[in-house]
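# Coordinate inspection notes
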Amino acid sequence: MSDAAIIYELHDDIAILAANNPPVNALGLAVRQGLVDGIARAEADGAKAVLIYGMGTTFFAGADIREFGKPPTEPFLPDVCTRIEASPLIVVSALHGTALGGGLEIALGSHYRIGVPSARVGLPEVLIGVMPGAGGTQRLPRLIGVEKSIEVITTGRQIGAAEALELGVLDRIEDGDPREIGLAYARELIDAGASRRAVSEMPAPEAIDFDAAYEAALKKSRGQLSPAVAIRGIQAACELPFAEGMKRERELFMELMATDQRQGLIHAFFSERAVGKLPELKGVAPREVASIGVIGGGTMGAGIATAALLAGLRVTLVEMSDDAAEAARGRVAGNLSGALKRGKISQDSFDHMTGSGLSLATEYDALADVDLVIEAVFEEMSIKKDVFTKLDAICKPGAVLATNTSYLNVDEIAAMTSRPQDVIGLHFFSPAHVMKLLEVVVADKTAPDVVATGFALGKKLGKISVRAGVCDGFIGNRILAVYRTAADHMILDGASPFQIDDALEAFGFAMGPYAVGDLAGLDIGWAVRKRRRAEGMDLRARDVSFADKLCENGHFGQKTGKGYYIYEKGSRTRTPNPEVADHIAAERAEKGITPREFTAEDIVRRYMAAMVNEAAKVVGEGIARRPLDVDMTLLFGYGFPRYHGGPLKWADLQGLPALLDDIRGYAKEDDYFWQPAPLLEQLVAEGRSFDDLNKAG
Ligand code: T1G
């Protein structure tokens, strides 16, 4: 078979253009050229109709994102769509898989569109920092109206075939092979004497208040530009003749293409796929996991059990007593009730997962045959060691023994067993059935196929798994502790928690660190500070106590109605708690600190400098394999704004020399906290970036 990107075939009086560019028929140069040449050849061959479809798993899934950032090459995709639409022949697109972005735009440039029932369509460009740039903002509104187009384009969501038919994006749904149903439809159209039907010739859609829509989109995206700018493209469809609208769309598209946000979002797109590809696991088969045991049915244990049940695994949950076990079942049912209400799971599935699919036990013997156990008991080393001693005695040979600890030493835990090679850390984030991040913590003696099993389980649970080495806090919590401390230091020196939250929410975080503390519970940080003090803190470390005062007064945040903020009963609306300023002032006085002004920019630069510096240490020490591993950890576990790509992508985009200068400047005030990371100094000295390390793999 030809290896051409578009395979041409004349089938009676129907010319067939079959896309042959696996894995997703991305619209790279050869595909675009093949389409233009194919249309011309069909016209020269005297065909009456043209059928466009995708071989393999899908119709075109969009422009080739790997070409982004390189100089565009002709034929440009919008011109390809216009060329298809301008053909005097009847052009039919037959869709299957995911016709996304430029793929849907090719279909919209066709005259008729048929899909298989499982086909999905969408314009997800805003999710990678751009916008439809091949006529999507001009043709879709002519087909489905402005309001619906704004919703589809600014969310970038995928639309199923039935909805696409209802909206008018598809003309027909037929089960079968896209080539066959496409040929039959083209034949029917020819026999019916149908004519070409250009969407661009349909009337311009009704305008709306686009300024209001633009502002609303910008607010909703917390500063991400692409959804709002895409609305200006739709506005052009209402206000300009088609050809002018296409030019305006192209201008807006190229503006977005030039933004840091586009680089950040593309980095996130490729990194979330690369992070699970470990060279060390090449050819290493994971162990079979069909049943898992969970020890501890608290928030974490019940969350992990819920995630496993949703992935179709059999779960045995062990608790200390029948009552505690039943309470755990109740938590699992609570976790699943939302999905049931939203119709994400059926009543039968719900009943199975909270009934026969979930075995409860109070004895470890119940775990004798499970393939993998995850303990989620109290974060106390002696308790963890006791659990693993028991598991070692009871679990079958080859069972994987995992701990969900968030910072304890996995090597120490593994040493309690006769099989340290089977021990691994699987650090879930609460709520474990919702948060996508899973840190796969690899201890010294963990066997490669156990690591592979951790990643395979993560994939089955729909997680983004990141390989982490053993240290206090692994990747995410270790870095979190440092940038949270930087925020506390800024408060001692003059900033307020509310100013810091506002500055970081303007940077793109959904919630600033103090609002997050109130949400998670201030008692968690309090316990960490007390642990650190008990372990003995370095005398050079600036201890912070204003937060302790809140906790000593029983103010743990949302769960007690008061923390850094006051929460009216039953409401999540927050108002600053005036007591906080008193605690801060008292501590400053006690420490002889004269407060100074901080601007929002100062706050962001210090906060990010601390985050980047510790992240560079985590990569430099091999706790994270690559900078992108840290980026994915912060994106999927800590709410880092996706359009910045992650802290180390953000650092590259800012320029590492300036960041290092900032850190060296801060070190003049506190050379203990601000010790520049050796890797950061090395990259600056060599004129390299964190991305250079990602490419090195
Ligand atoms: N370009 C290049 N590579 C792509 C790609 C694309 N558009 N889409 C996927 N890949 C690679 C991906 O990196 C992975 O590579 C492999 O294909 C399988 O992907 C003008 C400008 C289609 C739903 O945003 O949403 O059109 O890791 O693991 O889970 O308006 O890929 O194997 O080396 O994700 O089955 C708009 C993005 C582009 C679609 C399939 N289109 N892709 O999911 O497989 S912008 C998109 C996806 C545009 C025009 C504008 C998903 C998928 P590797 P995968 P999957």
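Keep in mind the model is a prediction, meaning the values are calculated, not measured. (Residues numbered from 1 in each chain as written. Predicted model: local features only at pLDDT ≥ 70, side-chain atom pairs only at ≥ 80, totals over all residues. Heavy atoms only, no water.)

### What to know about the environment of Gly 56
- Along the chain, the position of Gly 56 falls in the loop between strand E3 (49-54) and helix H2 (77-86).
- Taking the C-alpha atoms as reference points, Gly 56 and Pro 23, 33 residues apart in sequence, are found 7.6 Å from one another. (Helix = DSSP H or I, 4+ residues; strand = E, 2+ residues; numbered from the N terminus.)

### Section: the sheet that holds strand E12 (residues 358-361)
- Sheet architecture is open: eight strands sit in the order E12-E11-E10-E13-E14-E15-E16-E17, paired in mixed fashion. Each end of this open sheet is capped by a strand with a single partner; those strands are E12 and strand E17 (464-468). Neighbour-to-neighbour, the strand axes of this sheet turn through a mean angle of 25 degrees, independent of strand direction.
- Bridge count between strand E16 (residues 437-441) and E17: five bridges; the pairing is parallel. Directly across from Glu 439, in E17, lies its bridge partner Val 466.
- The strands that helix H12 (residues 299-310) touches are strand E10 (291-295), strand E11 (314-318), E12, strand E13 (372-375) and strand E15 (423-428); relative to E11, the one it contacts most, it runs at about 165 degrees. (Pairing = 2+ DSSP bridges. Axes fitted to C-alpha atoms, helices over the stretch in contact; angles between N-to-C directions. Contact = heavy atoms within 4.5 Å.)

### Concerning the side chain of Gln 224
- Mapping Gln 224 onto the fold places it in the loop between helix H8 (210-220) and helix H9 (226-239).
- Reaching out from Gln 224, the side chain makes a polar contact with the backbone oxygen of Val 126 at a distance of 2.9 Å.
- Contacts of Gln 224, omitting those with residues within four sequence positions, involve Val 126, Leu 218, Gln 261, Leu 265 and Tyr 643. (Polar contact = N/O pair within 3.5 Å; in protein donor to acceptor, adjacent residues only side chain to side chain.)

### Looking at the domain arrangement of the protein
- When its domains are assigned, the protein resolves into domain 1 (6-263), domain 2 (291-472) and domain 3 (477-696).
- The gap between the C-alpha centroids of domain 2 and domain 3 is 30 Å.
- Carbon and sulfur atoms supply 60% of the area that domain 2 and domain 3 bury against each other, a total of about 1200 Å² over both sides.
- Among the residues of domain 2 in contact with domain 3, Leu 437, Arg 467 and Asp 472 are the three that bury the most area, contributing 33% of the side total.
- There are two salt bridges connecting domain 2 and domain 3.
- Note that Arg 532 is salt-bridged to Asp 472, the shortest N-O span being 3.7 Å.
- The interface formed by domain 2 and domain 3 holds three residue pairs in polar contact (both at pLDDT 80 or more) in total.
- Listing elements by their share of the side of domain 2 that touches domain 3, those giving two or more residues are E16 and E17. (Domains from an automatic or database assignment. Buried area = accessible area lost by both parts, 1.4 Å probe. Salt bridge = Lys/Arg side-chain N within 4 Å of Asp/Glu carboxyl O.)

### Concerning the packing of aromatic side chains
- Applying the stated criterion across every chain yields a total of 15 aromatic pairs.
- Between Phe 429 and Tyr 638, the ring centres sit 5.5 Å apart and the planes meet at 75 degrees, which makes this aromatic pair edge-to-face. In this pair, Phe 429 sits in the loop between E15 and E16 while Tyr 638 sits in the loop between helix H25 (627-637) and helix H26 (647-654), placing the two residues 209 residues apart along the sequence. Summarising the burial analysis for this pair, Phe 429 and Tyr 638 share the class buried.
- A ring pair is formed by Trp 526 and Phe 556, whose centres lie 6.1 Å apart and whose planes are at 40 degrees; its orientation type is tilted. Placement of the pair is Trp 526 in helix H21 (residues 522-535) and Phe 556 in the loop between helix H22 (546-552) and strand E18 (565-567), with a sequence separation of 30 residues.
- Trp 526 sits in the buried class, given a relative accessible area of 17%.
- Ring pairing ties together the aromatic residues Tyr 483, Phe 507, Phe 509, Tyr 607, Phe 640 and Trp 650, which thus form one cluster.
- For the cation-ring pair, Arg 232 lies above Tyr 214, with the distance from its terminal atom to the ring centre recorded as 4.4 Å. (Phe/Tyr/Trp six-rings, centres within 6.5 Å; stacked < 30°, edge-to-face > 60°. Buried < 20%, exposed > 50% of the residue type's maximum accessible area, 1.4 Å probe, protein only. Lys NZ or Arg CZ within 6 Å of the ring centre and 35° of its normal.)

### Topic: the sheet that holds E3
- The strand order E1-E2-E3-E4-E6-E9 describes an open sheet built from six strands, whose pairing is mixed. Both outer strands of the open sheet, strand E1 (6-11) and strand E9 (172-173), are each paired with one neighbouring strand and no more.
- The sheet contact formed by E3 and strand E4 (residues 90-95) spans five bridges and is parallel. Bridged to Ile 52 within E4 is Ser 93.

### Side note on a positive patch on the surface
- A cluster of basic residues, Arg 66, Lys 70, Lys 277 and Lys 459, forms a positive patch on the protein surface.
- The class of Arg 66 is exposed, set by a relative accessible area of 55%. (Patch = residues over 30% accessible without salt bridge, like charges linked within 9 Å, V, L, I, M, F, W, Y side chains within 5 Å. Areas by Shrake-Rupley, 256 points an atom, 1.4 Å probe, with all protein chains shown as cover. Lys, Arg positive; Asp, Glu negative; His and termini not counted. Charge placed at Lys NZ, Arg CZ, Asp CG, Glu CD.)

### Observations concerning helix H24 (residues 600-620)
- Here H24 spans 30 Å end to end across 21 residues, near enough to the 30 Å set by a 1.5 Å rise per residue.
- Extensive coverage of H24 is indicated by the burial of 16 of its 21 residues.
- Positive phi shows up at Gly 622, right after H24, with a value of about 80 degrees. (Expected span 1.5 Å × (residues − 1).)

### Points about unusual backbone geometry
- Pro 23 follows Pro 22 through a cis peptide bond whose omega is 5 degrees.
- Relative to the helices and strands, Pro 23 is located in the loop between strand E2 (14-19) and helix H1 (29-44).
- With a phi angle near 50 degrees, Arg 222 is a residue other than glycine that sits in the positive phi range.
- For Arg 222, a relative accessible area of 42% puts it in the partly exposed group.
- In this model, Phe 474 sits at a positive phi of 50 degrees, which is unusual for a non-glycine residue.
- Considering the arrangement of structural elements, one finds Phe 474 in the loop between E17 and helix H18 (476-493).

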